[in-house]
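Take a look at the letters that make up each chain.
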Amino acid sequence: MAVDTGRVAAPVEPTSHGQGVFRPLGLGDVRITGGFWADRQRVNRERTIPHGYAQLEAAGTLHNFRLAADLATSGYRALGMMFDGPFPFLDSDVYKWLEATGWELGRGWDDGIGTSTDEAIDLITRAQRDDGYLNTFVQVLGGGRPYTDLLWGHELYCFGHLIQAAVAWHRALGDDRLLGVATRVAAHVDAALGPGSDRRGIDGHPEIEMALVELYRVTGEERWLRLASHLLEGRGRGLLGEGRYGAAYWQDHAPVRSAPTVAGHAVRQLYLDAGAVDVAVELGDDELLDAVLRRRRDMVATRSYLTGGVGSRHRDEAFGDPYELPPDRAYAETCAAIASVMLSWRLLLATGDPAHADTLERTIFNGVLGGVGLDGVSYSYENPLQRRTHRVAEEDGVTERSPWFPCACCPPNLMRTFASYAAYLATTDDGGVTIHQYASSEIAAPAGGGVLRLKVATEYPWSGQVAVTVDEAPDAPVRVSLRIPEWSTAANASGPGEAPRDVSGRRTAAWTRQWQAGERIELDLGVVPRVTAPDRRVDAVRGCVAIERGPLVYCLEAADLSGGVELEDIRVGQPLIADTKRDDVAPSVIGVHVATSSNHEVNAIPYFAWANRLPGAMRVWVPTGDGEAPA
Ligand SMILES: [Zn+2]
């Protein structure tokens, strides 16, 4: 087996004295070996990451580093403008791409990606100033004066992504070229804005907080934890003011400890809360953790789409009011879904509550995965749950997905998420191992004074059958736990020498024993299509239902309608639904056959697979019955 215990290599690695229920297992411990996620990772490696480098070059993002390094002289390049100037945050695209390549090359070397990476790291190293500062926009266009525009400049945001890339390269490959650059950048921030400085300042876009905690975890230097905490506690003090969208937009409306619920720009809120969990875990700060949990509960209950997407408003990329969840006007940025996954994971480690693994699963399979085309090189920034026939006609021939964006935050965010996805599958703790997400994989974890090696075989998410085989076990009883997803209402499990038993309604199925190699657990989560009704307070989808199957949300797409029928005229009839093979959409995809009220039949496909054929209407929530108002 390729797995190698002792090298965790995960995006989030709390210290041994940090609080938490579960400890991560990293890319050295968990390897995805086949099936759905192996296919996604292969596409990410072979197509998405190389495409990302080509786009960073084509867009001029790498060129800007050459300018800052005095290796080029022509103008600063950006595909997008803000306040009559180029976007100032583009450095972060390179850093996120580098984080992706770190995790990816840690899974297995690739010469092509390795060469591109060397080029990028070399440029970054040469662009860094002698005083440690590094921002191409400020160095090339901003007169070299740091921290003059903390509201919109995104300097600390970019640094956060640089630090995360450096952490990935350190953990996955033991390569510290970026760690040296990142540490000098962090020291520059600490001197200018840290606890010992005479200036109080925070960045308009949170992100650096969680990165600094990880830098502390890598280096053991407490100053990074103190700096993270200092920046976190600087929120809600009016340091940034109201701006054009109000103080909540950049998370300066209330202190992190007292903000009652999620507000403002969704990505900023969730990155900030991810950093808050990291700080809380390391400081043993229950008040801070409880504040995040309070916001999180409210977000999941009242401001999340069925897909796990969050942030319904376009205007300021913000959370809406409770139940303000229009499917057609859903913004639901891909990055917000990724940020939600990052936060779910931290909360799962901290609390052990499987509800966070449920949210993570719903979000990764739908809200995140819908953000990239099946080809791996086309993306969506927004992830609506409905596209109207009229809208598609107005935008004649324009496809939903683009090869890149002027603000290209989402594509490299997807790359780093897929490259590190194995780290989200399982955890360890003093009692044993818990498998939270299902994928064909090999897992090795320290347990019971030895090593527990497990092989997971499954066709998930197409099938709910999961077989876990013990390959090697310690000479002591240890626990193996399997999460039962919240959507699973008919789950059966059997362990060694045990007949299948009903585990419906439980959150985990667990066995503690002295394992022998070859022993096997079988779990059947009962994946069948189901009809989901919306919360009655979501006005925009009242009278509609959605089709789900296992962890996947389904949608109807115009490409599956027979000639002349408009998607808006379809109404779901009796819940006569059944699986159907959809190899025409992509290999091994299972669709759902749905009866309509007019006794036609239509085929729903997984939401993540929409917008991969001809441009056309789509909807997740479909009206029921005849659609007429009651007399
Ligand atoms: Zn984005």
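Look a little higher up for the structure.
One structure accompanies this document, and this report is about it. (Residues numbered from 1 in each chain as written. Predicted model: local features only at pLDDT ≥ 70, side-chain atom pairs only at ≥ 80, totals over all residues. Heavy atoms only, no water.)

Points about helix α9 (residues 222-233)
For step 1, the next point in the chain: Compared with the 16 Å implied by 1.5 Å per residue over twelve residues, the 17 Å span of α9 between its first and last C-alpha is a close match.
For step 2, the next point in the chain: Buried residues of α9: Trp224, Leu225, Leu227, Ala228, Ser229, His230, Leu231, Leu232 and Glu233, and no others.
For step 3, the next point in the chain: Buried residues in α9 make contact with α6 (155-173), α7 (177-193), α8 (208-219), α10 (266-283) and α11 (286-302). (Helix = DSSP H or I, 4+ residues; strand = E, 2+ residues; numbered from the N terminus. Expected span 1.5 Å × (residues − 1). Buried < 20%, exposed > 50% of the residue type's maximum accessible area, 1.4 Å probe, protein only. Contact = heavy atoms within 4.5 Å.)

Observations regarding the sheet that holds strand β6 (residues 426-429)
Two pairing modes exist for strands in a sheet, parallel and antiparallel, and in both the strands are linked by backbone hydrogen bonds.
For step 1, the next point in the chain: Reading across the sheet, the five strands line up as β1-β6-β7-β11-β14 and stay open at both edges, with mixed pairing between neighbours. Each having just a single partner strand, β1 (23-24) and β14 (508-513) make up the two edges of the open sheet.
For step 2, the next point in the chain: Relative to strand β11 (residues 478-483), strand β7 (residues 432-435) runs parallel, the two sharing four bridges. Each bridged residue has a counterpart across the sheet, and for Ile435 the counterpart in β11 is Leu482. (Pairing = 2+ DSSP bridges.)

Focus on the pattern of salt bridges
A side chain of one charge can pair with a side chain of the opposite charge if their charged atoms are brought near each other.
For step 1, the next point in the chain: By the definition in use, this model includes 50 salt bridges.
For step 2, the next point in the chain: Between Arg223 and Asp190 there is a salt bridge, with its nearest N and O atoms 3.0 Å apart. Taken together, the positions of Arg223 in helix α9 and Asp190 in helix α7 put the pair 33 residues apart, joining distant regions of the chain.
For step 3, the next point in the chain: Take Arg223: its relative accessible area is 30%, and that puts it in the partly exposed class.
For step 4, the next point in the chain: Its relative accessible area of 13% is what places Asp190 among the buried residues. (Salt bridge = Lys/Arg side-chain N within 4 Å of Asp/Glu carboxyl O.)

So, the sheet that holds strand β15 (residues 520-524)
For step 1, the next point in the chain: Strand order in the open sheet formed by seven strands is β2-β8-β9-β10-β15-β12-β13, with antiparallel pairing between adjacent strands. Two strands lie at the open edges of the sheet, namely β2 (30-34) and β13 (501-502), each paired on one side alone.
For step 2, the next point in the chain: Where strand β12 (residues 492-494) and β13 come together, two bridges link them in antiparallel fashion. Residue pairing for β13: Ala493 is matched across the bridge by Arg501.

A word on unusual backbone geometry
The bulk of non-glycine residues show a negative phi, and the bulk of peptide bonds are trans.
For step 1, the next point in the chain: With omega at 5°, the peptide bond leading from Tyr460 into Pro461 counts as cis.
For step 2, the next point in the chain: Relative to the assigned elements, Pro461 resides in the loop between β9 (450-458) and β10 (465-472).
For step 3, the next point in the chain: Positive phi is not limited to glycine here, since Gln251 has a value of about 60°.
For step 4, the next point in the chain: You can see Gln251 is positioned in the loop between α9 and α10.
For step 5, the next point in the chain: Residue classification places Gln251 among the buried residues on the basis of a relative accessible area of 2%.

Quick notes on the pairing of strand β18 (residues 552-557)
For step 1, the next point in the chain: In terms of residue burial, β18 counts as a mostly covered element, since six of its six residues are buried.
For step 2, the next point in the chain: Burial along β18 is two-sided: the face carrying Leu552, Tyr554 and Leu556 and the face carrying Val553, Cys555 and Glu557 are both buried.
For step 3, the next point in the chain: Bridge count between strand β17 (residues 544-549) and β18: two bridges; the pairing is antiparallel. Each bridged residue has a counterpart across the sheet, and for Arg549 the counterpart in β18 is Leu552.
For step 4, the next point in the chain: Joining the antiparallel neighbours β17 and β18 is a turn of two residues, in which Gly550 adopts a positive phi near 55°.
For step 5, the next point in the chain: As judged from the three bridges shared by β18 and strand β21 (residues 601-606), these two strands associate in the antiparallel manner. When the sheet's bridge partners are listed, Cys555 is paired in β21 with Ile605.

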